[in-house]
Amino acid sequence: MALGLLWVGLVLLGALQTQAQDSTPNLIPAPPLHRIPLQPDFQNEKFQGKWYIIGLAGNEINKEKHSQFKMYTTTYELKEDNSYNVTSTVVWKKACDYWIRTFVPCSHPGQFTLGNIERYIGTKSYTVRVVATDYNQFAMVFFEKVYKNQEFFKITLYGRTKELRPVLKEIFINFVKTLGLTDEHIIFPIPNDQCMDK
């Protein structure tokens, strides 16, 4: 009897483990940081200001699931210590929501880490790297987060206006595909006016 109960318990445990593994997504691994370009001679004062999120690509992004994702803004405010106060303004449940964080500079100009990371429970590391920008029209920024032993990465296409030339979108698509992402991992948020000018 006891052996039978032990056997049933082991079968149930195995089933639960299998179920837990199935619920964890198979993510495309984050590329090594040395494969991610860094904007030469990064000018932190020119980079500050408001950016519209024109495109997003990442190992957790799904084109079908995120097809109704709305455009939002991110504003970089340079502080005296050369870190940025970064405020993203998004539409959430028909209201404007604000996500505020600090990006602290690293030894490489144009690369940052998340300030006060200990406040973000489960986040082990968070790296931000400006891949390319002309400061006036567009920027491509790479983000990598290690959260509970999983690596998440995304690339954001920023614009100073709500629309960018098609060639810049093509450059963005081609770049993210070199990192192992596919068309299914790329979205272009729907332009909207709500919360854009806050």
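This one's a predicted model, so the numbers in the text were calculated from it and none came from an experiment.

Q: I'm lost on the packing of aromatic side chains in this one. Help?
A: Two numbers describe a pair of aromatic rings. These are the distance of the centres and the angle of the planes. Within this structure, the stated rule accounts for 17 aromatic pairs. These aromatic residues form a ring-pair network of at least three members: F42, F47, W51, Y76, Y84, F103, F112, Y126, Y135, F143 and Y158. Stacked on the ring of Y135, the Lys or Arg K46 has its end atom at 5.8 Å from the ring centre. A cation over an aromatic ring shows up here: R101 above the ring of W99, its NZ or CZ 3.6 Å from the ring centre.

Q: When you look at the side chain of R101 in this model, what are you seeing that I'm missing?
A: Note that R101 resides in strand β4 (residues 95-105). No salt bridge is formed by the buried R101. Its closest oppositely charged neighbour is D97, at 10 Å. Within the local environment of R101, its side chain forms a polar contact with the side chain of S88, the two groups lying 3.1 Å apart. Residues in contact with R101, not counting those within four places in the same chain, are T74, Y84, N85, V86, S88, L114 and Y120.

Q: How should the nonpolar core be read in this particular structure?
A: Here is a general trend for soluble globular proteins: nonpolar side chains tend to be buried in one another's company. Residues I155, F172 and V176 are the most contacted members of the largest nonpolar core, which totals 24 residues. Counting only elements with at least two residues in this core, the list comes to β1 (49-58), β6 (123-133), β7 (138-147), β8 (150-159) and α3 (166-178). Element by element, the count of residues in this core is highest for α3, at 5 residues. If sequence neighbours within four positions are ignored, V176 has contacts with A57, I155, L181 and I186. Core analysis: the second largest hydrophobic core is formed by 22 residues, W51, V86, F103 and L114 among them.

Q: Which parts of the structure should I look at to understand α3?
A: Three- or four-residue spacings in an α-helix give side chains the same orientation, since the helix completes a turn every 3.6 residues. For α3, with 13 residues, the first-to-last C-alpha span of 19 Å sits near the 18 Å given by 1.5 Å per residue. Every buried residue of α3 is accounted for by L168, F172, I173, F175 and V176. All buried residues of α3 project into a common sector of 165 degrees when viewed along the axis, lining one side. Against β1, β6, β7, β8 and β9 (186-187) lie the buried residues of α3. A positive backbone phi angle near 95 degrees is found at G180, which sits one or two residues after α3.

Q: Please clarify how the confidence of the model for the protein chain should be interpreted in this entry.
A: Low pLDDT means the predicted atomic positions in that stretch should not be read closely. For the protein chain, per-residue confidence averages 88 on the pLDDT scale, and residues scoring 70 or more make up 87% of the total. When mean pLDDT is compared element by element in the protein chain, strand β2 (residues 73-78) scores highest at 98, while helix α1 (residues 2-23) scores lowest at 40. Here residues 1-24 scores under 50 on pLDDT; set against residues more than four positions off or in separate chains, the count is 1 contact.

Q: What's the story with the pairing of β4 in this structure? I'm lost.
A: In summary, the side chains of a regular strand alternate between the two faces of the sheet. Bridging between strand β3 (residues 84-92) and β4 involves 9 bridges; their strand directions are antiparallel. Bridge pairing links V90 to D97 in β4. Following β3, the chain reverses through 2 residues before pairing antiparallel with β4; K93 in that reversal takes a positive phi of roughly 55 degrees. Strand direction decides the pairing type here: β4 and strand β5 (residues 111-114), joined by 3 bridges, are antiparallel. Counterpart to P105 in the pairing with β5 is F112. If you look at the hairpin formed by β4 and β5, you'll find 5 residues sitting between the two strands, and G110 has a positive phi there, around 100 degrees.

So, how was this worked out
Residues numbered from 1 in each chain as written. Predicted model: local features only at pLDDT ≥ 70, side-chain atom pairs only at ≥ 80, totals over all residues. Heavy atoms only, no water. Phe/Tyr/Trp six-rings, centres within 6.5 Å; stacked < 30°, edge-to-face > 60°. Lys NZ or Arg CZ within 6 Å of the ring centre and 35° of its normal. Helix = DSSP H or I, 4+ residues; strand = E, 2+ residues; numbered from the N terminus. Buried < 20%, exposed > 50% of the residue type's maximum accessible area, 1.4 Å probe, protein only. Lys, Arg positive; Asp, Glu negative; His and termini not counted. Salt bridge = Lys/Arg side-chain N within 4 Å of Asp/Glu carboxyl O. Polar contact = N/O pair within 3.5 Å; in protein donor to acceptor, adjacent residues only side chain to side chain. Contact = heavy atoms within 4.5 Å. Core = buried A, V, L, I, M, F, W, Y, C linked by side-chain atoms within 4.5 Å. Expected span 1.5 Å × (residues − 1). Arc of directions from axis to C-beta. pLDDT = per-residue confidence, 0-100. Pairing = 2+ DSSP bridges.

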